[in-house]
Amino acid sequence: VTERRVVLICGPPGAGKSTLAHALNLTVYDRDDAQWRERDFLSALVLVGRDPDAQAAVIRTGASIEARRVAAALLRPTEVRVRALDAAECRRRIAKRGRTSPPIRSQLAAIADWHRRYEPDAGPSRHW
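Structural notes, computed from the coordinates.

Here is what the cut-offs are and how they apply
Residues numbered from 1 in each chain as written. Predicted model: local features only at pLDDT ≥ 70, side-chain atom pairs only at ≥ 80, totals over all residues. Heavy atoms only, no water. Disulfide = S-S within 2.5 Å. Buried < 20%, exposed > 50% of the residue type's maximum accessible area, 1.4 Å probe, protein only. Helix = DSSP H or I, 4+ residues; strand = E, 2+ residues; numbered from the N terminus. Contact = heavy atoms within 4.5 Å.

Applying the stated criterion across every chain yields a total of zero disulfides. Cys10 supplies the cysteine sulfur nearest to Cys90, a cysteine that is in no disulfide, at a spacing of 14 Å. The buried category is assigned to Cys90, whose relative accessible area is 0%.

Dropping the structure here:
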């Protein structure tokens, strides 16, 4: 039997959250995936949080301590990883990947917003 593993991954757009999530070889829950509507996504996260055998990587932006606390209360993660990658590097990475959905303008605005709201914590989060 595999031990429960739920990794909450937080950071701004372009930080590498999806890359890390897929590298962990866990089921990935990413709100940006086209399959999800917000209500359905939150319902899925509730199930992950209740599942004693869950094997999941959950991507949330989690800029504030409170946002990470709320996500952790829902998910009961075994690990929290935060990537507070520099805004300029996030913008460079967004431009390099060339995706247009969501629109580049909104991705760049989301990077700026994340950095405005970001609150580092000294808790159990692991920065990578």
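Turning our attention to the environment of Ile104. In this fold, Ile104 is placed in helix α5 (residues 104-117). Overall, Ile104 belongs to the partly exposed group, its relative accessible area being 32%. Distance from Ile104 to Glu66, taken between C-alpha atoms, is 27 Å for residues 38 residues apart in sequence. Among residues more than four places away in sequence, those in contact with Ile104 are Ile94 and Arg99.

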